[in-house]
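The residues making up each chain are set out below.
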Amino acid sequence: MSEKGKLALYWAASCGGCEIAVLGIDDKILQVADAFDIVFWPVAVDAKVRSIEKMEDKSIDLCLFNGAIRTSEQEYMARLFRQKSKVLVAFGSCAHEGCIPGLANMTHKEAILQTAYHDTPSTVNPEGVRPQVETEVAEGTLYLPFFHETVKTLDQTVDVDYYLPGCPPEPERIWDALTAILTNELPPPGSVIGENTTVCDVCPREREEKKITEFKRTWEIIPDPDKCLLDQGLICCGIATRAGCGALCPTVGSPCIGCYGPNEGVEDFGARMMSALASVIDSDDPEEIDRIIKEGIPDPMGSFYRFSMAHGELRRVAEASGNGKPGETA
């Protein structure tokens, strides 16, 4: 019998970047192979769901679950891996906060299906066909997962032991998580595996007292290579984002977009960012402040809730009613 631990990886509603990021630990992947039997990793090994279903509860030592919960299949797999795993990690921003899939909560299931199967210029669908949960064909019944109205995070579906943020997580943080398991030096349950500080605190750029009179888009200026990007009017989310990435984006002149999520103690990333930016606008005139915001931040939801819509206080627009139209409740 193998004395190795058992490792599972699953990909739900996400782009797949977290799957590739695991390989970013380079030759340390050999140490992972020495320490774990990989029992489920669909992009890399031939594994079957029924094999996991037959395993004893809590027989998987570690599951890295990436992706938000959009469909009934993903929800089932989240519950299955929770049942079978000793340690379940929300791996990456989609599982942690909803990330880009979570922005779908700004609209409704009906509108999404209408756009995807009817309204896009490249769609040719004269009969108005849409995917169905069950479809009868000559060979029998075909089944598809149910498409939920609301995108949920992993911890809105099952209990999560740890969070490993990032889009995707940096290889160093992935190795931190694996090492913690291997050495049995885990932080308290519910912890975020990262740094308890902000990207601004580790960014090498020079900061001054911020007095912003204009926000600029990234294509409008070539930023000073040494000066704080927010000081130059670029919306850099490092002021509200948990460190752990090494400030890679602002170091090379690209503003932080917040993929590592809020720092310790912050409940709503978007609200924290809006509060931070409001404090650096150099004007007392409400009309001038309104102009600065409207002209410089044309997409506030995409700017402040790009990664955290599903996990934030807003979570989504009003729930849809039974006929697919927006309802009265949030």
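Before reading on, note that the structure itself is shown above.
Residues numbered from 1 in each chain as written. Predicted model: local features only at pLDDT ≥ 70, side-chain atom pairs only at ≥ 80, totals over all residues. Heavy atoms only, no water.

**What to know about the overall build of the protein chain**
Part 1 of the argument: Summing up its helical and strand segments, the protein chain has 13 helices and nine strands in all.
Part 2 of the argument: In terms of overall dimensions, the protein chain has a C-alpha envelope of 65 × 55 × 35 Å along the principal axes.
Part 3 of the argument: Within the protein chain, the fraction of its 330 residues that count as buried is 43%.
Part 4 of the argument: In the protein chain, once contacts between residues fewer than 6 apart in sequence are set aside, the share between residues at least 24 apart is 71%.
Part 5 of the argument: In the form shown here, the protein chain has an accessible surface area of approximately 17,200 Å², with 52% of it arising from carbon and sulfur atoms.
Part 6 of the argument: Seen as two clouds, the 31 positive and the 52 negative side-chain charges of the protein chain have centres 3 Å apart. (Helix = DSSP H or I, 4+ residues; strand = E, 2+ residues; numbered from the N terminus. Buried < 20%, exposed > 50% of the residue type's maximum accessible area, 1.4 Å probe, protein only. Contact = heavy atoms within 4.5 Å. Areas by Shrake-Rupley, 256 points an atom, 1.4 Å probe, with all protein chains shown as cover. Lys, Arg positive; Asp, Glu negative; His and termini not counted. Charge placed at Lys NZ, Arg CZ, Asp CG, Glu CD.)

**Some words on the pattern of salt bridges**
Part 1 of the argument: Tallying each qualifying case throughout the model produces 15 salt bridges.
Part 2 of the argument: Between aspartate 37 and lysine 4 there is a salt bridge, with its nearest N and O atoms 3.9 Å apart. On the criterion of sequence distance, the pair formed by aspartate 37 in strand β2 (residues 36–40) and lysine 4 in the segment before β1 (5–11) is long-range, its members being 33 residues apart.
Part 3 of the argument: Accessibility expressed as a relative area gives 34% for lysine 4, which makes it partly exposed.
Part 4 of the argument: Residue aspartate 46 is joined to lysine 48 by a salt bridge in which the shortest nitrogen-to-oxygen separation is 2.5 Å.
Part 5 of the argument: Taking relative accessible area as the criterion, aspartate 46 reaches 70% and is therefore assigned exposed.
Part 6 of the argument: Judged by relative accessible area, which is 33%, lysine 48 ranks as partly exposed.
Part 7 of the argument: Via salt bridges that share partners, Glu75, Arg79 and Lys152 belong to a single interconnected network. (Salt bridge = Lys/Arg side-chain N within 4 Å of Asp/Glu carboxyl O.)

**Focus on the packing of aromatic side chains**
Part 1 of the argument: Evaluated as defined, the whole model comprises four aromatic pairs.
Part 2 of the argument: When the ring of tyrosine 10 is compared with that of phenylalanine 40, the centres are 6.3 Å apart and the planes differ by 35 degrees; the resulting orientation is tilted. One end of the pair, tyrosine 10, is in strand β1; the other, phenylalanine 40, is in strand β2, and 30 residues separate them in sequence. When sorted by exposure, tyrosine 10 lands in the same class as phenylalanine 40, which is buried.
Part 3 of the argument: By way of ring pairs, the aromatic residues Tyr10, Phe40, Phe65 and Phe81 are connected into one cluster.
Part 4 of the argument: Over the ring of tryptophan 175 we find lysine 28; its NZ or CZ atom is 5.9 Å from the centre of that ring. (Phe/Tyr/Trp six-rings, centres within 6.5 Å; stacked < 30°, edge-to-face > 60°. Lys NZ or Arg CZ within 6 Å of the ring centre and 35° of its normal.)

**Section: a negative patch on the surface**
Part 1 of the argument: Negative charge collects at one region of the surface, where Glu209, Asp282, Asp284, Asp285 and Glu287 lie side by side.
Part 2 of the argument: By the secondary structure assignment, glutamate 209 is in the loop between α9 (199–202) and α10 (248–251).
Part 3 of the argument: Residue classification places glutamate 209 among the exposed residues on the basis of a relative accessible area of 67%. (Patch = residues over 30% accessible without salt bridge, like charges linked within 9 Å, V, L, I, M, F, W, Y side chains within 5 Å.)

**Quick notes on the sheet that holds strand β3 (residues 60–66)**
Part 1 of the argument: A sheet is described by the order of its strands in space; here five strands give the open sequence β2-β1-β3-β5-β9, paired in parallel fashion. Every other strand in the sheet has two partners, leaving β2 and β9 (162–164) as the edge strands with one partner each. With direction set aside, neighbouring strand axes in the sheet form an average angle of 25 degrees.
Part 2 of the argument: As paired elements, strand β5 (residues 85–91) and β9 share three bridges and run parallel to each other. Its bridge partner being in β9, alanine 90 is matched across the sheet by tyrosine 163. (Pairing = 2+ DSSP bridges. Axes fitted to C-alpha atoms, helices over the stretch in contact; angles between N-to-C directions.)

**Some words on unusual backbone geometry**
Working note: non-glycine residues mostly have negative phi, and peptide bonds are mostly trans.
Part 1 of the argument: Cysteine 167 connects to proline 168 through a cis peptide bond whose omega is -5 degrees.
Part 2 of the argument: Mapped onto the elements of the fold, proline 168 is located in the loop between β9 and α8 (171–183).
Part 3 of the argument: Although it is not a glycine, aspartate 26 sits at a positive phi angle of roughly 60 degrees.
Part 4 of the argument: Summarising the element assignment, aspartate 26 is placed in the loop between α1 (17–21) and α2 (28–35).
Part 5 of the argument: A positive phi is found at arginine 315, a non-glycine position, where the angle reads about 65 degrees.

**Regarding the side chain of aspartate 268**
Part 1 of the argument: Structurally, aspartate 268 is set in the loop between α10 and α11 (269–278).
Part 2 of the argument: At 3.2 Å, the side chain of aspartate 268 and the backbone nitrogen of glycine 270 are in polar contact.
Part 3 of the argument: Setting aside residues up to four positions removed in sequence, aspartate 268 forms contacts with Tyr305, Gly312, Glu313 and Leu314. (Polar contact = N/O pair within 3.5 Å; in protein donor to acceptor, adjacent residues only side chain to side chain.)

**Digging into the state of the cysteines**
Part 1 of the argument: Within this structure, the stated rule accounts for zero disulfides.
Part 2 of the argument: The thiol of cysteine 18 is unpaired, and the distance to the nearest cysteine sulfur, on cysteine 94, comes to 6.6 Å.
Part 3 of the argument: Among the cysteines around cysteine 249, which has no disulfide bond, cysteine 245 carries the closest sulfur, lying 6.5 Å off.
Part 4 of the argument: Assessed through its relative accessible area of 38%, cysteine 249 is described here as partly exposed. (Disulfide = S-S within 2.5 Å.)

**Some points on the side chain of glutamine 232**
Part 1 of the argument: Along the chain, glutamine 232 turns up in the loop between α9 and α10.
Part 2 of the argument: Residue class for glutamine 232 comes out buried when judged on its relative accessible area of 12%.
Part 3 of the argument: Looking at glutamine 232, its side chain comes within polar contact range of the main-chain oxygen of lysine 227, at 3.0 Å.
Part 4 of the argument: Not counting residues within four places of it along the chain, the set of residues in contact with glutamine 232 comprises Arg205, Lys216, Ile221, Pro223, Asp224 and Lys227.

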